[in-house]
Structures are given as C-alpha cells and as structure tokens.
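The lines below spell out each chain.
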Amino acid sequence: WEHLLLAHHHANKMSEEEDEPPKDDITIQLSPIAAQADEAEEGDSQGGDDDAEEVWTDGERRLEQVVTTILDAYKREPNKEHCLVVVFLNNLSKIKDADEEAIVDLSITLYWPDDKAKGKDIEDMDLEKLWTPDIEIYNANEMNKLYEEGKNFNIWEQHKEHGIITWWQRYKGTVSVQLDLHAFPLDKQIVEIRISSSTVCSDYLKLIDFSEPDALAPEAVNLVEWNVLPGRALSLREFYNPGEKMHYSQLCVSIPLARRSGFYMWKVGTIAVILVLMSWTVFLLPQESFQDSLQISMTLFLAAIAFNFVLMESLPKVSYNTFLDKYILMCYTYIFLSVVQQCVMYCITLYPFR
C-alpha cells in the first residue's frame, strides 16, 4: 500500500507540472508586447499588456491592409507597377505672396513589391540595382532631403514571400503655389503639393493613396495670416507633361486657406479713410483761405503717398491691381478731387462769370 500511495502521489505531481506552461515559452511569446508596454508607460502590469497588445494588433492590421491592397491592385492591372504612397504633413509654416511659394515639411513613405526581394533581407540586396519608382515633389522649388539616400529602404520580414519594400523620406523646402490675388486681402487660396514619379509614366506605374485620416491635420498648418478651410484632400490624378509628351500618375495634396484680413482692414483701410475725411475739412474753410486749404490738401496727399511707400513692403508685388490697390487708388482720387474742387471754386471767385 505504501508503494501504491507513493506512485499515486508522484503521478499527480507530474500531471500538475504538465498542465503549467513553461516560463520560457511565456516570456518568448509576450516579448514583443512587453517591449511595447515598457515604452508606453510603467504601472499596472495587466493594463500595460492590454495597451501593448492593442498597438501590436493595429500594426499587424496595417501590414495586412498594405499586402491586401497591393495584391488586389495587381489583380486588377497586372501589366503595371503599383506603389502605395503614405503622405503626412508635418508643417506648413509660411506662404510668400511675392514669390508665390510655400514653405512645407512633408514625410512620404512608399510600399511596393519586387520579385528580387522575395525571401531576402535588405542586407542581401544590391540597392543600386533595385528598382524604385523615383518619387519626387513635382512643384518643388528648393527641397532638402533629411534622410540619406540608400539607407531609407527596408524589406518587411513578416511578408518576405511577397518581397514588399518600404522606402521613406522627409522633405523640407519650398513649393510653388499659383496664387490669384485679385481679391487680396479677402482672397482664398489652395496650396497644392504634387507628388509623382520623375521617370516612370502612368502606362507603367500607378500610385495608390494609403495615407492616414490625420495626414493633413489642421494643427500642422502654422500660418499667422491664414485660416484653414474645410476640404483638405489627397487626390489621385494623371497630369500631362508637355515637355516629355507623357502622362504621369500623380498624388496631389490640397490645403484650402482663407486670408485673415483684419490687419489690412484696420492698419490700412482705416488709416486711408481717415486721411480722406481729413481732406474734406477744407470744404469748411472760407474761399479767402484758399492757400491754407490747398496746403492742407497737398499735405494730406503727400502723407497718403508716404503711407503707400511704407505699405509696399507688406503688399504682394504683382502686375495687376488687387482689391486693396483699387481701394487705395480710390482714396487718392478723393483727396485729389478735393484739391481740384478748391482750385475751381477759387477761379470762380477770382474770375466771376458775367
């Protein structure tokens, strides 16, 4: 009986040890999630694991969406190369009216499959022989790349069988903007950033927008003179290059803006009206005070011209008259007409009609 009891006790102990999972296996399974939780915050271990698991799940879901989108695009158009484009606007800091350009800070990430990258690591690839879509900002004037070329590639290890290559770059510089300043300072403008391939036409390459919903967040637009309007959009289109006589697939970032006209209304419009009203005080003087009236009108006219010279630094230098230009010219005309009226009345008084 003693031998039977000892054997039964030993068997129960072995069964309990088999039911418990090995500690090493648990550590290996949760290591990615634990790493995410440690970076997020320290605190309750259970809460940290839940948060990390959510981040990890979102990343896996995003990866699956990229693979699915690329594979579906190749099924629809197998004769073209397909490239997923992710755009994120970091900052739109200034718009130069005189030069018709905007200062932007933009991040671009690309995903595309390559048969040569299937089952390989990025270290095994010859990057000089690797096919790239040659993405550029088409309407850039001066653009700096913050990441060194050749070191901004990667191959997704989770899907080596598809050979999906990741490329990223951050751009800082100026882009040309077509401004219509006829209604200045009550104008509304659209800042466009056009992204396209510099070498591959639309017959062989198609861009696919894969940006996040917050890619064009209003917080990224830091413009003192402008308000961001609804309607920010990322749109795909084809444009024709007349120099090369070819069509290219293009992703266009559009940001509608409205100018804040308070500065010009109060600092320019109000002062111009005051000068005009002051010039009308000559109508209250008697005809015998013609010299005093003329001196007042001419002084105010010269003051308006001097004010215009100071104002020229903040006005756009365009070849046509804006709304503000017409307004200032109208004020000059009123002051000039007051001078003409004083001269006519003086002549009538001096040489009366018989």
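Coordinates for the structure precede this section.
Please read these numbers as outputs of a predicted model, since none were measured by experiment.

Procedures and definitions
- Counting of residues starts from 1 at the beginning of each chain's written sequence and follows it residue by residue.
- Restriction of local features to residues with pLDDT of at least 70 applies here, the model being predicted, together with a cutoff of 80 or more for giving and counting side-chain atom pairs; totals for whole chains, interfaces and linings are based on all residues.
- No hydrogens and no water enter the side-chain calculation; it runs on all heavy atoms of the structure.
- Angular values range over 0 to 180 degrees, each being the angle between N-to-C directions of two axes fitted as lines to C-alpha atoms, with helices fitted over their stretch in contact.
- The way it works is that DSSP assigns letters per residue, a run of H or I at least four long becomes a helix, a run of E at least two long becomes a strand, and they are numbered from the N terminus.
- The cut-offs work like this: below 35 degrees is roughly parallel, past 145 is roughly antiparallel, 65 to 115 is roughly perpendicular, and the gaps in between are oblique.
- Here is the rule for handedness: rotate from the far helix to the near one, and if that takes an anticlockwise turn smaller than a right angle the crossing is left-handed, while a clockwise turn gives right-handed.
- Pairs of residues are marked as contacts when any of their non-hydrogen atoms sit within 4.5 Å.
- Charged means Asp, Glu, Lys or Arg here, nonpolar means Ala, Val, Leu, Ile, Met, Phe, Trp, Tyr, Cys or Pro, and polar covers whatever is left, Gly included.
- Any N or O atom pair separated by 3.5 Å or less is treated as a polar contact, with the protein-specific requirement of one donor-capable and one acceptor-capable atom, and with residues adjacent in sequence counted only for side-chain atom pairs.
- Two aromatic rings, drawn from Phe, Tyr or Trp (for Trp, its six-membered ring), form a pair once their centres lie within 6.5 Å of each other, and the interplanar angle then sorts them: stacked below 30 degrees, edge-to-face above 60, tilted otherwise.
- Residues are said to line a cavity or pocket when one of their atoms sits within 4 Å of a point; the points come from a 1 Å grid over protein atoms alone, cavities being sets where a 1.4 Å probe fits but cannot get out and pockets being open sets with protein on both sides within 12 Å along at least five of seven lines.
- Grid points are joined across faces, edges and corners, and a volume is the space filled by probe spheres set on the points.
- We call two strands paired when DSSP finds no fewer than two bridges between them.
- Only protein chains enter the calculation, and the probe is 1.4 Å; a residue is then buried if its accessible area is under 20% of its type maximum, exposed if over 50%, and partly exposed in between.

On to the packing of helix 4 (residues 262-279) against helix 6 (residues 323-350), then. Axis angle and axis distance: for two packed helices, these are the angle between their axes and the distance between the axes, and together they describe the pair. Between helix 4 and helix 6, whose axes approach to 9 Å, the crossing angle comes to 10 degrees. Classified by the angle between their axes, helix 4 and helix 6 sit roughly parallel to one another. Between helix 4 and helix 6 lies a crossing whose hand is left-handed. Where helix 4 abuts helix 6, its residues Tyr264, Val268, Gly269, Ala272, Val273, Leu275, Val276 and Ser279 lie against Leu324, Tyr327, Ile328, Cys331, Tyr334, Ile335 and Ser338. Per-class residue counts for the contact of helix 4 with helix 6 are twelve nonpolar, three polar and no charged.

The next point concerns the side chain of Ser249. One can find Ser249 in strand 11 (residues 246-259). Engagement of the side chain of Ser249 in a polar contact is seen with the backbone nitrogen of Leu207, the distance being 3.2 Å. The contact partners of Ser249, leaving out residues within four places of it in the chain, are Ile195, Ser196, Ser197, Ser202, Leu205, Lys206, Leu207 and Arg237.

This brings us to the environment of Lys172. Inspection of the secondary structure puts Lys172 in strand 6 (residues 164-176). Spatially, the C-alpha atoms of Lys172 and Leu106 are 6.5 Å apart, while their sequence positions differ by 66 residues. Discounting chain neighbours no more than four positions away, the residues touching Lys172 are Val104, Asp105, Glu142, Met143, Asn144 and Leu146.

For any pair of aromatic rings, the description consists of the separation of the ring centres together with the inter-plane angle of the planes. Counting across every chain of the model gives eight aromatic pairs. Ring pairing ties together the aromatic residues Tyr138, Phe239 and Tyr248, which thus form one cluster.

Our focus in this paragraph is empty space enclosed by the protein. Scanning all chains against the criterion turns up one cavity of 30 Å³ or more. Taken together, Ala272, Leu275, Val276, Ala304, Phe307, Asn308, Ile328, Cys331, Tyr332 and Ile335 make up the lining of the largest cavity. Elements with a minimum of two residues in the lining of the largest cavity: helix 4, helix 5 (290-311) and helix 6. The leading source of residues in the lining of the largest cavity is helix 6, at four residues. Along the lines of polarity and charge, the residues of the lining of the largest cavity split into nine nonpolar, one polar and no charged.

The pairing of strand 2 (residues 101-113) with strand 6 spans 13 bridges and is antiparallel. Looking across to strand 6, one finds that Ile108 is bridged to Gln169. As judged from the five bridges shared by strand 4 (residues 140-145) and strand 6, these two strands associate in the antiparallel manner. Note on strand 6: the bridge partner recorded for Asn144 is Lys172.

The next point concerns unusual backbone geometry. Note that the residue after Phe184, namely Pro185, is joined by a cis bond; omega there is 5 degrees. Here Pro185 shows up in the loop between strand 6 and strand 7 (188-197). Unlike most non-glycine residues, Asp134 shows phi in positive territory, near 55 degrees. Mapped onto the fold, Asp134 is located in the loop between strand 2 and strand 3 (135-137). On the accessibility criterion, Asp134 (32% relative accessible area) is partly exposed.

In this section: the packing of helix 5 against helix 6. Their axes nearest at 10 Å, the elements helix 5 and helix 6 cross at an angle of 165 degrees. Here helix 5 is positioned roughly antiparallel relative to helix 6, judged by the angle of their axes. Two packed elements cross with a definite hand, and for helix 5 against helix 6 that hand is left-handed. Contacts between helix 5 and helix 6 pair Phe290, Ser293, Leu294, Ser297, Met298, Leu300, Phe301, Ala304, Ile305, Asn308 and Leu311 from the former with Ile328, Tyr332, Ile335, Phe336, Ser338, Val339, Gln342, Cys343 and Tyr346 from the latter. Residue composition of the contact of helix 5 with helix 6, by class: 15 nonpolar, five polar and no charged.

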